[in-house]
Amino acid sequence: MPWSVVNDADGLPRVILTEPGGSSAEVLLYGGQVVSWKNDRREELLYVSSKAVQKPPKAIRGGIPICFPQFANFGSLEQHGFARNRMWLLDSCPSPLPPARNQSTVDLILKSSEEDLKSWPRSFELRLRISLSPGKLTFIPRVRNTDSKAFSFTFALRNYFSVSDVSEVRVEGLETLDYLDNLMQQERFTEQADAITFDGEIDRVYLSTPTKINIIDHQKKRTLVLRKEGMPDSVVWNPWDKKAKDIPDIGDDDYKTMLCVDSAVVETPIGLKPFEEWRGRQELSTVSSSYCSGHLDPQRVLHG
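As the structure is a prediction and not an experimental result, all values here were calculated from the model.

(A) How the structure looks around the overall build of the chain. Each helix and strand in the chain was counted, giving three helices and 21 strands. Across its three principal axes, the chain shows a C-alpha extent of roughly 55 × 45 × 35 Å. Here the chain holds 304 residues, and the buried ones make up 53% of them. The long-range fraction of contacts in the chain, counting pairs at least 24 apart against all pairs at least 6 apart in sequence, stands at 65%. As displayed, the chain offers around 13600 Å² of accessible surface, 48% of which is attributable to carbon and sulfur atoms. Distance between charge centres in the chain, computed from 38 positive and 42 negative side chains, equals 4 Å.

Structural data, given as structure tokens:
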């Protein structure tokens, strides 16, 4: 593998992905978590809290943590499961995917440990391929049941996006859909707005969502495009001012420049029989958008 694993001052090994166009991504082996994605202008596209504790066993606030085998408190395990605070390994045999042969792709694997089996007595292999290309970051998560019995799980890629001002951001693609409102004991509602905008705390699980969602940042004149497969739900979260002050690893004003829009499997857990494998896919990309309307610039969409 042409890339190398480096140990930074925090002592956590990380893989640096680069591509000829100048963009980059950093992936921690701790949690299998992307903690940086920069475009060709070296602008950071992900939010990581300045108060994030980058020390096991604490989960790292920001980037793109992996929620497995449980999302949030939809189950009896710890919040968001345990995959995000385990040390992953480099996966030298990602079959049936072809081996990664360049510095823009890394394959990681997490296998059930004795510690995990105590809290969740199911044997599994969780694999993750992360690929960087110009203007694009792609994830292929896979879960294989290596147990003798069937099991089910929920899952999410929790995307902490960096935004200029969340009150000027709109999310398109979730209109008219049903959602579970976690601020109302997971009561079910239907989205009435033609786009989601932000003027207070939000914590919703949108159900049966489309494969494409746009996060339009007016001030940056940039749209983040989220495409997904195998993860039918989408979670939208921002703690706003009061909740941010109550979360120790989020800065008091951080809520203004971050927004979570996740690819998830929440409402209907995935069931796997022994030796069955589930596969998902998420592709993040950026395009320029016009300042006034938020509509995608057709020239950039057509010509990239």
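From this point, the narrative continues.
(B) Structural detail: the sheet that holds strand 1 (residues 5-7). If you trace the four strands from one edge of the open sheet to the other, you get 1-2-3-4, paired in antiparallel fashion. With partners counted over all chains shown, the strands left at the sheet margins are strand 1 and strand 4 (33-38), one partner each. The sheet shows a mean angle of 30° between the axes of neighbouring strands, direction not considered. Note that strand 1 and strand 2 (residues 13-18) share three bridges and pair antiparallel. Residue pairing across strands places Val 5 opposite Val 15, the latter belonging to strand 2.

(C) Just the layout of surface pockets, in detail. Put simply, the second largest pocket is a space of about 470 Å³. Lining the second largest pocket are 24 residues, and of these Arg 61, Gln 79, His 80, Arg 84 and Arg 158 sit closest to its centre. For the lining of the second largest pocket, the class distribution of residues is ten nonpolar, seven polar and seven charged.

(D) Examining the pairing of strand 3 (residues 24-28) more closely. The element strand 3 is largely enclosed, with a buried count of four among its five residues. As judged from the five bridges shared by strand 2 and strand 3, these two strands associate in the antiparallel manner. Of the residues in strand 3, the one forming a bridge with Leu 17 is Ala 25. Here strand 2 folds back onto strand 3 in antiparallel fashion, the turn holding five residues, of which Gly 22 has a positive phi close to 110°. In this structure, strand 3 lies alongside strand 4, joined through five bridges in antiparallel fashion. Looking at the pairing, Ala 25 lines up with Trp 37 of strand 4. Here strand 3 folds back onto strand 4 in antiparallel fashion, the turn holding four residues, of which Gly 31 has a positive phi close to 85°.

(E) Broad picture of the side chain of Arg 127. By the element assignment, Arg 127 lies in strand 8 (residues 124-133). In this structure Arg 127 comes out as buried when scored by relative accessible area, which is 12%. A distance of 2.7 Å separates the side chain of Arg 127 from the side chain of Asp 91, its partner in a polar contact. Within the structure, Arg 127 has its side chain in polar contact with the side chain of Glu 125 (distance 2.7 Å). The contacts of Arg 127, once residues within four sequence positions are left out, are Asp 91, Cys 93, Pro 94, Leu 108, Ile 109, Ile 140, Pro 141 and Arg 142.

(F) Spotlight on the environment of Lys 256. Secondary-structure assignment places Lys 256 in the loop between helix 2 (240-246) and strand 19 (258-272). Overall, Lys 256 belongs to the partly exposed group, its relative accessible area being 37%. When the C-alpha positions of Lys 256 and Asn 238 are compared, they lie 8.8 Å apart, and in sequence the two are 18 residues distant. In this structure Lys 256 touches Val 163, Ser 164, Asp 165 and Val 166, once residues within four positions along its chain are discounted.

(G) Summary view of the pattern of salt bridges. The full count for this structure, using the stated rule, is 20 salt bridges. Salt-bridge contacts for Arg 14 lead to Glu 26; the nearest nitrogen and oxygen are separated by 2.7 Å. Residue Arg 14 is located in strand 2, and its partner Glu 26 is located in strand 3; the two are separated by twelve residues in the primary sequence. You can call Arg 14 buried: its relative accessible area is 7%. One salt bridge connects Arg 127 with Glu 125, and the closest N-O pair in it is separated by 2.7 Å. Three or more residues joined by partner-sharing salt bridges are found here, namely Asp 40, Arg 41, Glu 43 and Arg 222.

(H) Examining the pairing of strand 12 (residues 169-172) more closely. Side chains of strand 12 alternate between two faces, with Val 169 and Val 171 buried and Arg 170 and Glu 172 left unburied. Sheet topology note: the strand 12/strand 16 (residues 212-217) ladder contains four bridges and is antiparallel. Directly across from Val 171, in strand 16, lies its bridge partner Ile 215.

About the cut-offs
- Residue positions within a chain follow its written sequence, with the count starting from 1.
- Predicted model: local features are reported for residues with pLDDT of at least 70 only, side-chain atom pairs are reported and counted for 80 or more only, and whole-chain, interface and lining totals are derived from all residues.
- Water and hydrogen atoms were dropped before computing side-chain values, which therefore reflect all heavy atoms in the structure.
- The helix and strand labels rest on DSSP assignments: H or I over at least four residues marks a helix, E over at least two residues marks a strand, and numbering proceeds from the N terminus.
- Using a 1.4 Å probe on the protein chains alone, a residue whose accessible area is under 20% of its type maximum counts as buried, one over 50% counts as exposed, and one in between counts as partly exposed.
- The contact definition used throughout considers only heavy atoms, calling two residues in contact when any of these lie within 4.5 Å.
- Residue exposure ignores everything except the shown protein chains as possible cover, and the areas themselves are Shrake-Rupley values with a 1.4 Å probe.
- Counted as positive: Lys and Arg. Counted as negative: Asp and Glu. His and the chain ends are not counted at all.
- Note that the charge is assigned to NZ on lysines, CZ on arginines, CG on aspartates and CD on glutamates.
- Strand pairing requires that DSSP identify at least two bridges connecting the strands.
- As a rule, the C-alpha atoms of each element are fitted with a line to give its axis, helices using only the stretch in contact, and angles between N-to-C directions run from 0 to 180 degrees.
- Here the term cavity refers to a set of points on a 1 Å grid, laid over the protein atoms alone, in which a 1.4 Å probe fits but cannot get out; the term pocket refers to an open set having protein on both sides within 12 Å along at least five of seven lines, with lining residues being those that place an atom within 4 Å of a point.
- Grid points are joined across faces, edges and corners, and a volume is the space filled by probe spheres set on the points.
- Gly falls in the polar group here, along with every residue not listed as nonpolar (Ala, Val, Leu, Ile, Met, Phe, Trp, Tyr, Cys, Pro) or charged (Asp, Glu, Lys, Arg).
- Between N or O atoms, a polar contact is any pair within 3.5 Å; within protein, one atom must be a potential hydrogen donor and the other a potential acceptor, and residues adjacent in sequence are included only when both atoms are from side chains.
- Salt bridge, as applied in this entry: a Lys or Arg side-chain nitrogen positioned within 4 Å of an Asp or Glu carboxyl oxygen.

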